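Descriptive structure summary
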Amino acid sequence: MRHDEMIGKVQALAQLPDRGSAERAAHAVVSTLSERLPSGLARHVAAQLPPDMGAAMREAADASPGADSGVPVERFGLTVFAGRIADRAGTDENTALRDAAAVMEVLDAALAPELTERMADALPSDIRDLLPVGRAAESTTRPGRKG
């Protein structure tokens with residue numbers, strides 16, 4: 001998926017007023033996501049993104065301590081995830097969560113399905129729920145829900 005297409009989809013899904021807001025949201029989410037994923041996985045995800053988004057993800061993964069250990073560089077949940085995105089994008093945490101869900105949906109469409117599944121498996125359930133694949137898995141495992 002091309003950069004312009006990704007940003008346009010983020011803007012539409014998150015109902016952002018302009019492309020600049022969508023750019024900030026996308027970069028904030030991929031940077032924060034790369035801090036939560038094992039660095040090797042973050043680099044694989046980055047390789048499938050448009051160059052500038054991939055660079056933001058690689059930069060954050062490479063800057064993290066223990067970047068080549070193969071385990072998540074940092075362990076944090078949804079509250080910290082939302083707070084970091086909000087700080088980076090200059091928004092509040094509720095807006096950051098809305099934006100994160102939009103970016104994760106676009107990532108799901110842009111990445112190879114097996115890579116999205118690896119990413120989902122590496123995330124805690126509260127962050128994974130932002131991914132369409134995470135929501136689908138949750139809906140099939142909860143009693144009383146049809147998947």
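Residues numbered from 1 in each chain as written. Predicted model: local features only at pLDDT ≥ 70, side-chain atom pairs only at ≥ 80, totals over all residues. Heavy atoms only, no water.

Once that is clear, we can look at the side chain of serine 21. Checked against the element boundaries, serine 21 lands in helix α2 (residues 19–36). Its relative accessible area of 14% is what places serine 21 among the buried residues. Among the polar contacts made by the side chain of serine 21, one reaches the side chain of arginine 24 at a distance of 3.2 Å. (Helix = DSSP H or I, 4+ residues; strand = E, 2+ residues; numbered from the N terminus. Buried < 20%, exposed > 50% of the residue type's maximum accessible area, 1.4 Å probe, protein only. Polar contact = N/O pair within 3.5 Å; in protein donor to acceptor, adjacent residues only side chain to side chain.)

Once that is clear, we can look at the pattern of salt bridges. Evaluation of the coordinates by the stated rule reveals six salt bridges. A salt bridge links arginine 19 to aspartate 4, with the nearest nitrogen and oxygen atoms 3.4 Å apart. In this pair, arginine 19 sits in helix α2 while aspartate 4 sits in helix α1 (residues 3–14), placing the two residues 15 residues apart along the sequence. The shortest N-O distance in the salt bridge between lysine 9 and glutamate 5 comes to 3.7 Å. You can see lysine 9 and its partner glutamate 5 sitting in helix α1, four residues apart, about one turn around the helix. Its relative accessible area of 34% is what places lysine 9 among the partly exposed residues. With relative accessibility at 34%, the residue glutamate 5 sits in the partly exposed group. (Salt bridge = Lys/Arg side-chain N within 4 Å of Asp/Glu carboxyl O.)

Residues Leu33, Leu37, Leu49 and Leu107 are the most contacted members of the largest nonpolar core, which totals 45 residues. Considering each element in turn, this core owes the most residues, eight residues, to helix α6 (residues 93–110). (Core = buried A, V, L, I, M, F, W, Y, C linked by side-chain atoms within 4.5 Å.)

Once that is clear, we can look at the environment of glutamate 35. Locating glutamate 35 in the fold gives a position in helix α2. For glutamate 35, the side chain forms a polar contact with the side chain of arginine 88, separated by 2.4 Å.

Inspection of the entire model under this criterion finds zero aromatic pairs. Taking NZ or CZ as reference, arginine 36 lies 6.0 Å from the ring centre of phenylalanine 76, over its face. Its end group placed over the ring of phenylalanine 76, arginine 84 keeps NZ or CZ at 4.4 Å from the ring centre. (Phe/Tyr/Trp six-rings, centres within 6.5 Å; stacked < 30°, edge-to-face > 60°. Lys NZ or Arg CZ within 6 Å of the ring centre and 35° of its normal.)

All right, on to the environment of alanine 47 then. Mapped onto the elements of the fold, alanine 47 is located in helix α3 (residues 39–47). Take alanine 47: its relative accessible area is 60%, and that puts it in the exposed class. C-alpha separation for the pair alanine 47 and arginine 58, spaced eleven residues apart in sequence, amounts to 8.7 Å.

On to α6, then. Owing to its 3.6 residues per turn, the α-helix aligns residues three or four sequence positions apart on the same side. For α6, with 18 residues, the first-to-last C-alpha span of 25 Å sits near the 26 Å given by 1.5 Å per residue. Taken residue by residue, α6 has Thr95, Ala96, Asp99, Ala100, Ala102, Val103, Met104, Val106, Leu107 and Ala110 as its buried positions. With a side-chain oxygen positioned 3.0 Å from the backbone nitrogen of asparagine 94, the residue opening α6 is aspartate 92. (Expected span 1.5 Å × (residues − 1).)

Note that all results are geometric; they support no functional claim without further evidence.
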